[in-house]
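# Tertiary structure, described
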Amino acid sequence: MHVVITGANRGIGATLAAHYTARGDTVTGTTRAPGATQLDVTDPAQIANFASALNAPVDLLICNAGVYLDREDTLGDGYEPHKWAETFAVNVTGVFLTIEALLPHLRAAKTPKIAIISSTMASQDHAPGGSYIYRASKAAALNLGRNLSVDLKPDGIAIGIYHPGWVRTDMGTDAAEISVDESAAGLTACFDHLNIASTGSFLNYDGSTHVW
């Protein structure tokens, strides 16, 4: 199986890449920084070049690249417009452009799948305030995945949207509830079970259905 993972240089992305590599899958992991496979998902030209350079079907695309720029912001003293633009460029537009560019490679696979990493912070029922930019971007990513699941179902491409848990990473902080290994193991199992019948689902890393 060929797995493409965006944002695979650290945290959940790096651990997912390690899990798939360990079980014998072929992994193409990307990073914004210059290095192994450079891909800035906010750069349409880089996305196009990345897609054209791939010479194999993509069985699983994991849209993991993301930013959280407004963690410390407060109303009246934060949430600058540039943070909105930068966050949506990565967390929403970048997801869409990556999926769109890789559609020919996904259509060439036997049972293609797309996994979009969203968050519990996308949920309208779990809305404690704050982090307005990040929450809005992850809600948009959830909506994007739901709508793409409808349009891509005739192609046999299954899409799942996932909350990876509150994970001990640079983004999640050391105060988080679970390790990257726990998250990656749960997500891998979720991705394995994703199929066209469950396309459009929003799940927790443990496989349970997430409240919208």
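Scroll up to find the structure.
The structure reproduced in this document is the subject of the present report. Values in this document were obtained by computation on a predicted structure and should not be read as measured data. (Residues numbered from 1 in each chain as written. Predicted model: local features only at pLDDT ≥ 70, side-chain atom pairs only at ≥ 80, totals over all residues. Heavy atoms only, no water.)

Moving on, we come to the overall build of the chain. The helix and strand tally for the chain stands at 5 helices and 6 strands. In the chain, the order of α-helices and β-strands from amino to carboxyl end is β-α-β-α-β-α-β-α-β-α-β. In terms of C-alpha radius of gyration, the chain reaches 16 Å, essentially the compact-globule figure of 17 Å for 212 residues. Viewed in the frame of its principal axes, the chain has a C-alpha envelope of about 50 × 35 × 35 Å. Here the chain holds 212 residues, and the buried ones make up 50% of them. Partitioning the contacts of the chain with sequence separation of at least 6, the portion at a separation of at least 24 is 68%. Surface exposure of the chain reaches about 9,800 Å², of which carbon and sulfur atoms provide 54%. Taking the average place of the 13 positive charges on the side chains of the chain and the average place of its 21 negative ones, the gap between the two points comes to 6 Å. (Helix = DSSP H or I, 4+ residues; strand = E, 2+ residues; numbered from the N terminus. Rg over C-alpha atoms; globule rule 2.2 N^0.38 Å. Buried < 20%, exposed > 50% of the residue type's maximum accessible area, 1.4 Å probe, protein only. Contact = heavy atoms within 4.5 Å. Areas by Shrake-Rupley, 256 points an atom, 1.4 Å probe, with all protein chains shown as cover. Lys, Arg positive; Asp, Glu negative; His and termini not counted. Charge placed at Lys NZ, Arg CZ, Asp CG, Glu CD.)

Below, the discussion takes up a nonpolar patch on the surface. Together, Leu 75, Trp 84 and Tyr 132 line one region of the surface with nonpolar side chains, adding up to about 320 Å² of accessible area. Tracing the chain through its elements places Leu 75 in the loop between β3 (60-63) and α3 (81-107). Given a relative accessible area of 65%, Leu 75 falls into the exposed group. (Patch = residues over 30% accessible without salt bridge, like charges linked within 9 Å, V, L, I, M, F, W, Y side chains within 5 Å. Salt bridge = Lys/Arg side-chain N within 4 Å of Asp/Glu carboxyl O.)

What follows covers the packing of aromatic side chains. Counting across every chain of the model gives 4 aromatic pairs. On the basis of an interplanar angle of 70° and a centroid distance of 5.2 Å, the ring pair of Tyr 79 and Tyr 132 is categorised as edge-to-face. Of this pair, Tyr 79 sits in the loop between β3 and α3 while Tyr 132 sits in helix α4 (residues 132-152), placing them 53 residues apart in sequence. You can call Tyr 79 buried: its relative accessible area is 12%. Exposure remark for Tyr 132: the relative accessible area of 36% places this residue in the partly exposed category. Taken together, a centroid distance of 6.2 Å and an interplanar angle of 25° make the contact between Trp 84 and Phe 88 stacked. (Phe/Tyr/Trp six-rings, centres within 6.5 Å; stacked < 30°, edge-to-face > 60°.)

What follows covers the sheet that holds strand β6 (residues 201-204). Across the sheet, which stays open at both edges, the 6 strands sit in the order β2-β1-β3-β4-β5-β6 with parallel pairing between neighbours. Of all the strands in the sheet, the pair left with one neighbour each is β2 (26-29) and β6. Strand-to-strand twist of the sheet, defined as the mean angle between neighbouring strand axes without regard to direction, takes the value 20°. In terms of strand pairing, strand β5 (residues 158-163) meets β6 through 4 bridges, oriented parallel. (Pairing = 2+ DSSP bridges. Axes fitted to C-alpha atoms, helices over the stretch in contact; angles between N-to-C directions.)

This part covers the pairing of β3. The alternating pattern of β3 places Leu 60 and Ile 62 and Leu 61 and Cys 63 on opposite faces, both of which are buried. Across 3 bridges, strand β1 (residues 2-5) lies against β3 in parallel orientation. Paired with Val 4 across the strands is Leu 61, a residue of β3. Note: β3 against strand β4 (residues 113-117), 4 bridges, orientation parallel. Bridging from a neighbouring strand, Cys 63 pairs with Ile 116 of β4.

In this section: the pairing of β1. Because side chains alternate across β1, one face comprises the buried residues His 2 and Val 4, and the other comprises Val 3 and Ile 5, equally buried. As paired strands, β1 and β2 are joined by 4 bridges and run parallel to one another. Within the sheet, the bridge partner assigned to Ile 5 lies in β2 and is Gly 29. Taken together, β1, helix α1 (residues 11-22) and β2 constitute a β-α-β crossover, and its handedness is right-handed. (Right-handed = clockwise from strand over helix to strand, strands pointing away.)

The end-to-end C-alpha distance of α4 is 30 Å, a good match for the 30 Å that 21 residues give at a rise of 1.5 Å each. Looking at the buried side of α4, the elements it contacts are α3, β4, β5 and β6. (Expected span 1.5 Å × (residues − 1).)

These results come straight from atomic positions and should not be treated as a statement about function.
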